[in-house]
Amino acid sequence: MINIQATAHQLPEILNRYSADYIEARLEESQSSHISYRGRELDSIGRSSAIGGNVRAMVKGAWGFASFNDLNELPGRVEIAVKQARFAGNEESQLAPVEPVVDRLWTEQDKSPVAIPLAEKKQLLDEYNDIIWRTPKLQTSFIDYGDGYKRAIFLNSSGSYIEQDRSDIALRFTAVATEGDEVQQAGLSLGSRGDFNSIQGLHQQIEEMAQHSVELLSAPQAKGGEYTVVLDPVLAGVFVHEAFGHLSESDFVYENDRMREIMTLGKKFGSVELNIVDNATMPGLRGSYKYDDEGVPASKTYLIREGKLVGRLHSRETAAKMKEKPTGNARAINYRYPPIVRMTNTYIEPRSASFEELISDIKEGIYVKNWYGGTTSMEMFTFSAGEAYMIRHGKLAEPLRPVVLTGNVFTTLMNIDGIGNDLDMNQGGGCGKGGQMPLPVSNGSPHIRIRHCLIGGR
Amino acid sequence: MEQLLAQAKKAAEEAEVFMVSSEETPVQFEANRLKHIQAKQSSYVALRIIKEGKIGYATATELSDRQNLVKTAVETANFGMAAKFELPSPTPYPDIEVLDPKVESVSVEEMIDLGKELITAIRKHTPDILCEAGVGKETTSLHLINSRGGNINYRQSAFSIGVIGYLIRNTDMLFVGEIESSCHPLTETKAIAEEVLQQLERARNRASVPTKPLPVVFTSHGVAGALIPPLMAAFNGKTVLNGASPIGNKLGQLVFDKQLWLWDDPTIAYRPESRPSDDEGIPSQRTPLIEQGRVTNFLYDLQTAALAHTRSTGNGRRSQGGLPAPSPSAFIIKPGNTTFDEMISDIKEGLVIEQLMGAEQGNILGGDFSGNVLLGYKVENGKIVGRVKDTMVSGNVYQLLKQIAAIGSEAKWVGGLVNTPPLYCPHLSVAAK
């Protein structure tokens, strides 16, 4: 096996040979395993290992980037990155100043889920699949389990040298029920910072998910139109991530005068109850780390405080260009990509309302639960609920087919008129941006209530 | 590779080694300016074995640690599914041109010029638009050998130019875009710019639609984004085998409008999704999926085909180093004879859908789709009058494609995966704010 530490030792000398405004290098080695089921049968099981790295150079405001699997080619790749940057650059390089850091944090190896024997993982998943298949009218099921352990070395031309590691687990279940020509599905998505215990003991949740897919066969479709909706913590977490979080990523804002106008600090976005936070310093979550992929220390950043825009997420470059402080939010999914501005653990802070209080005065509304997917195009967002129920006269009523919610970010945030007391962080899924997906993140919220939300339907 | 195969053969009855290496150079523009030039070298090797009748699998980014690859493949074979297929013996492959050596020699300067030319043309029309453009070239080598003597080795080139333009006025945002790809170097940006300018023209004014069922024209982009993903899932042999495809038991039956023809085709020369062989060494073929509205085939890899008691259609693909699985190469819908303008002039009040957001989030398997119209236009009295906003559409692909008012005569590629004309559908549910 090639040793990335040994390669890293030679790097400062190699980087020194080239002149650029800034150069950084990243080396990674990782192991992963996956198990998937399609229907009753195991579909795929395997193990992978990878070694790779990249070099990123900045010359006169432009980046050159070279990634590689073959570490022996390293000097040549440094040369390509510097040459490309030189080629593209024609203005002044701007990077927010950061103190060089030397830190060695390879601490999670003992907890690596990859090391757990495949037999043990398979046995647990077999149990879960058996539960799904005990459900009548169930047509098929999908289970995708993946884990990984990655160690990385980051170093740059300012003298930083950081060793960090991370373990990760992602698990998704889908149950598909059919009757005649009807096909309905329900899903459950989970993740953890490598802690295998966190995916044990899910038997009851999985049974409910499978039963829900069958219930949907006879559930009516929501009538399209505007409703008061109450979101559970999982879906509200997706909402805060999609609808607002992506707007806070400064790489879209910093070179865009109109977006800068819209996202002016101090501007009112919601009621005084509304606080939205991105926080990579929370221990043990999938979006957590000590240093980002530019070697900048992680931070807790208030995006909205008491309804007003107070902050945003930065890389070193966006921070410098907007004359703000770097927040340590530059992340890359792996060595094949340059870091870009990303969220970490993003959530709405809890307030005092109970769930009962949130629904008690709704005459006709919709309660939406669980994550199915979500996407945004800055102004507009769309997200879909895995479960939906009518709310009638302050009480939960009949289940509905899954619904898609959509709206304008700015008006929807203003329309949040109730925030619950039950913050819960959802670790399932992953975030995609700029072709980099899935990036481990978490998002969360208490139950929230939104007025005038547009629901798709017939 | 041969050494790895030899070592694996000692540990298992059958073995297959698949190796890919690629060199990719993307040039990226952000906010109208050249931002990034990248060079990405990557390689991986995948070892699949059959040991005691069961499949084992391991991948790595380097060949050097052969022993460990064989060891982990053997470990996974303990739990692997039973292999129902045989690896292919030596076989002739169709001659499908997918390499143009000229791609490799296109200089970064030329790529930058293409991006600049495209952005300049778009900004000449709309000066305050912000463009993210990408010009990319890639050369890939694939090599597969197996213990039955199967051996396929080919190189492929790809070149693409794409742009997304966003126009922001107050809190109103408009997204337009187009992408073109080929195995040849692309030297022209005119057609891409024209498509983008047409979108900008059509979206110039604002219009609103009522909440009710309306006739809808899906442009080629609209078809590819909203209607093709459920079909790709439904025609996947694995979905069929699991009983989750709504058309799985309808082989030979009339399910769609009689005007509709659809096939999967990896044999078109110089298309980036074309290839002489799939990732298991099965020769490529064109597979008819819908003929005159009848379901005619599903797409299979070796294992899925064996489980379904049929033959592989040469659709075994590996995504990111995974085990082969059935996957479409390029979905082609046969053009009809109605022009886009004829469709529009037929509509008194209706909608043109260019891009749906969230279209893939619904119950894909059941064919339901639902999404916000990210880019779409209102039609009034036979004319496009402007862009609609805050509008949701929802429907079911199978109901929609059962009765098509007309199939367009102007087919085009949308990305590399889909070639389709516009489709004109008589009713779709629309909800507007």
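Keep in mind that this is a model prediction, so the values were computed, not measured. (Residues numbered from 1 in each chain as written. Chains lettered and ligands numbered in written order. Predicted model: local features only at pLDDT ≥ 70, side-chain atom pairs only at ≥ 80, totals over all residues.)

## Things to note about the overall build of chain B
Argument step 1. Scanning chain B from terminus to terminus reveals 10 helices and 21 strands.
Argument step 2. Taken over the C-alpha trace, chain B has a radius of gyration of 24 Å; the compact-globule value for 433 residues is 22 Å, and the two agree within 12%.
Argument step 3. Buried positions account for 53% of the 433 residues belonging to chain B.
Argument step 4. When contacts within chain B are restricted to residue pairs at least 6 apart in sequence, long-range pairs at least 24 apart make up 71% of them. (Helix = DSSP H or I, 4+ residues; strand = E, 2+ residues; numbered from the N terminus. Rg over C-alpha atoms; globule rule 2.2 N^0.38 Å. Buried ≥ 20, exposed ≤ 12 C-beta atoms within 10 Å, placed from the backbone. Contact = placed C-beta atoms within 7 Å.)

## As for the overall build of chain A
Argument step 1. Each helix and strand counted, chain A has 10 helices and 24 strands in total.
Argument step 2. For a compact globule of 458 residues, the expected C-alpha radius of gyration is about 23 Å, and chain A comes in at 23 Å, within 12% of that figure.
Argument step 3. Here chain A holds 458 residues, and 57% of them are scored as buried.
Argument step 4. Of the contacts formed within chain A by residues at least 6 apart in sequence, a portion of 74% connects residues at least 24 apart.

## Regarding the sheet that holds strand β19 (residues 412–414) of chain B
Across a sheet, paired strands are connected by hydrogen bonds in the backbone, their directions being either parallel or antiparallel.
Residues and elements named next belong to chain B.
Argument step 1. In spatial order, the strands read β10-β9-β8-β13-β20-β19; together these six strands make up an open sheet with mixed pairing. Whereas interior strands pair on both sides, the edge strands pair on one side only; in this sheet they are β10 (294–295) and β19.
Argument step 2. Inspection of the sheet shows strand β8 (residues 262–264) paired to strand β13 (residues 331–333) by three bridges, in the antiparallel sense. Counted as the bridge partner of D264 is F331 from β13.
Argument step 3. Helix α6 (residues 220–234) contacts β13, β19 and β20 (418–420) of the sheet and is inclined by roughly 120° relative to β20. (Pairing = 2+ DSSP bridges. Axes fitted to C-alpha atoms, helices over the stretch in contact; angles between N-to-C directions.)

## Overview of helix α4 (residues 108–125) of chain B
All names here are of chain B.
Argument step 1. The first and last C-alpha atoms of α4 sit 27 Å apart over 18 residues, in line with the 26 Å expected at 1.5 Å per residue.
Argument step 2. Along α4, the positions that sit buried rather than exposed are M111, L114, G115, L118, I119 and I122. One side of α4 carries all its buried residues, which in axial view fall inside an arc of 120°. Turned more than 90 degrees away from the buried face of α4 sit E109 and K124, all of them exposed.
Argument step 3. Summarising the contacts, the buried residues of α4 are in contact with β1 (14–30), β2 (33–51), β4 (130–146), β5 (151–169) and α5 (190–202). (Expected span 1.5 Å × (residues − 1). Arc of directions from axis to C-beta.)

## Some remarks on the domain arrangement of chain A
Residue and element names in this part refer to chain A.
Argument step 1. Splitting chain A by domain gives domain 1 (4–218) and domain 2 (225–455).
Argument step 2. Of note, the centres of domain 1 and domain 2, computed from C-alpha atoms alone, are 22 Å apart.
Argument step 3. On the domain 2 side, the residues contacting the 32 residues of domain 1 number 31 residues.
Argument step 4. Taken together, the residues that form the side of domain 1 that touches domain 2 break down as 13 nonpolar, 13 polar and six charged. (Domains from an automatic or database assignment. Nonpolar A, V, L, I, M, F, W, Y, C, P; charged D, E, K, R; others polar.)

## Description of unusual backbone geometry
Excluding glycine, residues mostly have negative phi values, and the peptide bonds linking residues are mostly trans.
All names here are of chain A.
Argument step 1. Here M437 and P438 are connected by a cis peptide whose omega angle stands at 0°.
Argument step 2. Structurally, P438 is set in strand β22 (residues 436–439).
Argument step 3. The backbone of K323 shows a phi angle near 55°, a positive value even though the residue is not glycine.
Argument step 4. The phi angle at H452 is positive, at roughly 55°, despite the residue not being glycine.
Argument step 5. Take H452: it is sitting in strand β24 (residues 448–455).
Argument step 6. Exposure remark for H452: the 15 C-beta atoms within 10 Å place this residue in the partly exposed category.

## Considerations on the sheet that holds strand β11 (residues 308–309) of chain A
Residue and element names in this part refer to chain A.
Argument step 1. Taken in spatial order, the six strands make up an open sheet running β11-β10-β9-β14-β23-β20, and their pairing is mixed. With partners counted over all chains shown, the strands left at the sheet margins are β11 and β20 (424–426), one partner each.
Argument step 2. Of the strand pairs in this sheet, strand β10 (residues 300–305) and β11 are connected by two bridges, and their pairing is antiparallel. The partner of I304 across the bridge, within β11, is L309.

## Thoughts on the domain arrangement of chain B
Interface size, as often reported, equals the accessible area lost upon joining of the parts.
Residue and element names in this part refer to chain B.
Argument step 1. What the domain assignment reports for chain B is domain 1 (2–200) and domain 2 (205–433).
Argument step 2. Once you take the C-alpha centre of each, domain 1 and domain 2 turn out to be 23 Å apart.
Argument step 3. Each partner contributes to the interface: domain 1 provides 31 residues, whereas domain 2 provides 27 residues.
Argument step 4. Going through the elements one at a time, β2, β3 (54–60), β4, β5 and β6 (172–182) are the ones with two or more residues in the side of domain 1 that touches domain 2.
Argument step 5. Per element, the largest residue contribution to the side of domain 1 that touches domain 2 is six residues, and it comes from β6.
Argument step 6. Looking at side-chain class alone, the side of domain 1 that touches domain 2 contains 19 nonpolar, nine polar and three charged residues.

## Considering the packing of helix α1 (residues 4–16) of chain A against helix α2 (residues 74–88) of chain A
Residue and element names in this part refer to chain A.
Argument step 1. Between α1 and α2, whose axes approach to 11 Å, the crossing angle comes to 40°. In terms of orientation, α1 and α2 fall into the oblique class. α1 and α2 meet at a crossing whose hand is right-handed. Counted together, T7, I14 and L15 of α1 and L74, P75 and V78 of α2 form the full contact between these two elements.
Argument step 2. Grouping the amino acids of the contact of α1 with α2 by side-chain chemistry returns five nonpolar, one polar and no charged. (Parallel < 35°, antiparallel > 145°, perpendicular 65-115°, else oblique. Left-handed = near helix turned anticlockwise from the far one by under 90°.)

## Some words on the interface of chain B and chain A
Argument step 1. Tallying the contact residues gives 57 residues for chain B and 67 residues for chain A.
Argument step 2. At the level of secondary structure, the elements contributing two or more residues to the side of chain B that touches chain A comprise β2, β3, α2 (66–77), β6, β15 (368–380), β17 (391–396) and β21 (423–432) of chain B.
Argument step 3. Of the residues forming the side of chain B that touches chain A, the biggest block, 10 residues, is contributed by β2 of chain B.
Argument step 4. Judged from the three bridges that link them, strand β2 (residues 41–59) of chain A and β3 of chain B form a sheet pairing that is parallel. Residue pairing in the sheet places S48 of chain A in a bridge with T59 of chain B of β3 of chain B.

## Here's the deal with the pairing of strand β3 (residues 62–68) of chain A
Side chains on a regular strand alternate between the two faces of the sheet.
Argument step 1. β3 of chain A sits mainly inside the fold: seven of its seven residues count as buried.
Argument step 2. Alternating positions in β3 of chain A separate into two faces, A62, G64, A66 and F68 of chain A on one and W63, F65 and S67 of chain A on the other, with burial throughout.
Argument step 3. Bridge count for β2 of chain A against β3 of chain A is seven bridges, and the pairing is antiparallel. Bridge pairing in β3 of chain A places V59 of chain A opposite A62 of chain A.
Argument step 4. The antiparallel pairing of β2 of chain A with β3 of chain A creates a hairpin that spans two residues between the two strands, and K60 of chain A there sits at a positive phi of about 45°.
Argument step 5. Note: β3 of chain A against β2 of chain B, five bridges, orientation parallel. Each bridged residue has a counterpart across the sheet, and for F65 of chain A the counterpart in β2 of chain B is Q38 of chain B.

## Description of helix α3 (residues 118–133) of chain A
Along an α-helix, residues three or four positions apart point the same way, because every turn accommodates 3.6 residues.
Residue and element names in this part refer to chain A.
Argument step 1. Helix length check: α3 (16 residues) gives 22 Å between terminal C-alpha atoms against 22 Å at 1.5 Å per residue, within 8%.
Argument step 2. Along α3, the residues that are buried comprise L118, K121, L125, Y128, N129, I131 and I132. Along the axis of α3, the buried residues cluster in a sector spanning 155°; they form a single face. Of the exposed residues in α3, those oriented more than 90 degrees away from the buried face are A119, E120, Q123 and D130.

## Quick notes on the packing of α4 of chain B against α5 of chain B
All names here are of chain B.
Argument step 1. Packing of α4 against α5 leaves a shortest axis separation of 9 Å and a crossing angle of 25°. The orientation of α4 relative to α5 falls into the category roughly parallel. When you trace α4 past α5, the crossing you get is right-handed. Residues L118, A121, I122 and H125 of α4 pack against I192, A193, V196, L197 and L200 of α5.
Argument step 2. Among the residues making up the contact of α4 with α5, the classes are represented as eight nonpolar, one polar and no charged.

## Examining the environment of I169 of chain A
Residues and elements named next belong to chain A.
Argument step 1. Position of I169 among the secondary structure elements: in strand β6 (residues 161–179).
Argument step 2. Taking the C-alpha atoms as reference, I169 lies 9.3 Å from G428; in sequence the two are 259 residues apart.
Argument step 3. Beyond its immediate sequence surroundings of up to four residues, I169 is in contact with P113, D147, G191, S192, G194, F196 and I199.

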